Amino acid sequence: MHISLSALLYCILDLGYVTEENAESATRSLLAGGADILQLRAKNHDLSTIERVAKKLLLICREAKIPFIINDFPELAAALDADGVHIGQDDGPLSTAREMVGPGKIIGRSTHSLDQARAALAEGFDYIGFGPLFPTPTKLGRPGIGLDHIQEMQRDVGSRIPAYCIGGITPETLPSVLAAGAQRVVIVSSLLQATDITKATKDCKSLIINREI
Ligand code: TZP
Ligand code: MG
């Protein structure tokens, strides 16, 4: 599995916003709205819960033929034959994660600056997240890095590997993010907290697809 050129909207099923009971239906709604990649992220859950939810979401993503990525747990991604894993700056080098998940899997890295984005490219990551652009309750304690470096990041990194701008992106902020040069985005809370997840996802997807170039 790899990330396709047309995978512009990356969604995260974050168990901080959705209960285990609602995880499958929220995922189906995100996919119906046009999510091109799905990640499972669970910062305060035990591994058995994450595994149980991951198994269900993997089936949904397989059926929809989109990549399913697990945040933080390369061993779990390998054990479930998920499509990849996403790791942060403090989660060790690519090589360690690669040993665990194997050569055919997608491995992404969170980056919070232009330097980190360039370093992730040089190390060989398959894609990056770049942000948070704006402060966000989904990643508390991290300042927003703003929109000023997006263009340079796209030029140096996003032209080589998929680069997803992330953090505080909503239907309201998305136009400014796209105008600043973002090609691909991750959106979490504003979709998961929407009264109609599918509609909110569709609205964001069409803003991305119909962007002015
Ligand atoms: N990494 C950087 S910002 C962020 C992560 C996981 C959270 C993005 O969530 P939201 O709710 O779209 O701001
Ligand atoms: Mg992590």
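Computed from a predicted model, the values in this text were never measured in an experiment.

Colleague: Explain the packing of helix α1 (residues 23-32) against helix α9 (residues 197-209) residue by residue, including any values.
Modeller: The interhelical angle for the contact between α1 and α9, taken along N-to-C directions, is 30 degrees, at an axis separation of 7 Å. Comparing their axes, α9 and α1 come out roughly parallel. In this structure, α1 crosses over α9, and the sense of that crossing is right-handed. Residue-level contacts link A26, S29, L30 and A32 of α1 to I197, T198, T201 and K202 of α9. Classifying every residue of the contact of α1 with α9 by side-chain character gives 4 nonpolar, 3 polar and 1 charged.

Colleague: Any details on the pairing of strand β8 (residues 184-187)? Residues and values, ideally.
Modeller: Taking every second residue as pointing to the same face, both faces of β8 are buried, with R184 and V186 on one and V185 and I187 on the other. Where strand β1 (residues 9-14) lies against β8, 3 bridges are found, and the strand directions are parallel. Residue pairing for β8: L9 is matched across the bridge by V185. With 3 bridges joining them, strand β7 (residues 163-166) and β8 adopt parallel strand pairing.

Colleague: Now, about the packing of aromatic side chains: what can you tell me, with residues and values included?
Modeller: One pass over the structure, following the stated rule, counts 3 aromatic pairs. Judged by centre distance (5.6 Å) and plane angle (50 degrees), the ring pair of Y10 and Y127 falls under tilted. You can see Y10 sitting in strand β1 and its partner Y127 sitting in strand β6 (residues 127-130), a full 117 residues away along the chain. For Y10, a relative accessible area of 1% corresponds to the buried category. Consider the rings of Y127 and Y164, whose centres lie 6.0 Å apart with planes at 90 degrees: the pair is edge-to-face. Taken together, the residues span a long stretch of sequence, with Y127 in strand β6 and Y164 in strand β7 at a distance of 37 residues.

Colleague: If you had to explain the pairing of strand β4 (residues 84-87) to someone new, which residues and values would you point to?
Modeller: Of the two faces of β4, the one carrying G84 and H86 and the one carrying V85 and I87 are both buried. Both strand β3 (residues 68-71) and β4 contribute to a ladder of 3 bridges, which runs parallel. Residue pairing across strands places I69 opposite G84, the latter belonging to β4. In terms of handedness, the path from β3 via helix α3 (residues 74-80) over to β4 forms a crossover that is right-handed. Direction of pairing for β4 relative to strand β5 (residues 106-111): parallel, over a ladder of 4 bridges. Within β5, the position partnered with V85 by the bridge is I107. As a crossover connection, the stretch from β4 through helix α4 (residues 94-101) into β5 is right-handed.

Colleague: Go over the coordination of the magnesium ion (ligand 2), please, and point to the residues and values.
Modeller: Coordination of the magnesium ion (ligand 2) by the protein comes from D72 (OD) and D91 (OD), over a distance range of 1.9 to 2.2 Å. One end of the pair, D72, is in the loop between β3 and α3; the other, D91, is in the loop between β4 and α4, and 19 residues separate them in sequence. Residue D72 is classed as partly exposed on the basis of its relative accessible area of 23%.

Colleague: Break down the layout of surface pockets for me, citing the residues and quoting the values.
Modeller: Reported here for the largest pocket is a volume of approximately 530 Å³. If you trace the largest pocket, you find 36 residues lining it, with R41, S110, H112, K139 and I166 closest to the centre. Broken down by secondary-structure element, the contributors of at least two residues to the lining of the largest pocket are β1, β2 (37-41), β4, β5, β6, β8 and α8 (189-192). Looking at the lining of the largest pocket residue by residue, the class counts come to 12 nonpolar, 17 polar and 7 charged. Every residue lining the second largest pocket is counted, 14 residues in all, and those nearest its centre are L5, G158, P162, Q183 and R184. When its residues are assigned to classes, the lining of the second largest pocket shows 7 nonpolar, 4 polar and 3 charged.

Parameters at a glance
Residues numbered from 1 in each chain as written. Chains lettered and ligands numbered in written order. Predicted model: local features only at pLDDT ≥ 70, side-chain atom pairs only at ≥ 80, totals over all residues. Heavy atoms only, no water. Axes fitted to C-alpha atoms, helices over the stretch in contact; angles between N-to-C directions. Helix = DSSP H or I, 4+ residues; strand = E, 2+ residues; numbered from the N terminus. Parallel < 35°, antiparallel > 145°, perpendicular 65-115°, else oblique. Left-handed = near helix turned anticlockwise from the far one by under 90°. Contact = heavy atoms within 4.5 Å. Nonpolar A, V, L, I, M, F, W, Y, C, P; charged D, E, K, R; others polar. Buried < 20%, exposed > 50% of the residue type's maximum accessible area, 1.4 Å probe, protein only. Pairing = 2+ DSSP bridges. Phe/Tyr/Trp six-rings, centres within 6.5 Å; stacked < 30°, edge-to-face > 60°. Right-handed = clockwise from strand over helix to strand, strands pointing away. Donors = N, O, S within 2.8 Å, 3.2 Å for Na, K, Ca; no water. 1 Å grid on protein atoms, 1.4 Å probe; cavity = no way out; pocket = protein on both sides within 12 Å on 5 of 7 lines; lining within 4 Å. Points joined across faces, edges and corners; volume = space filled by probe spheres on them.

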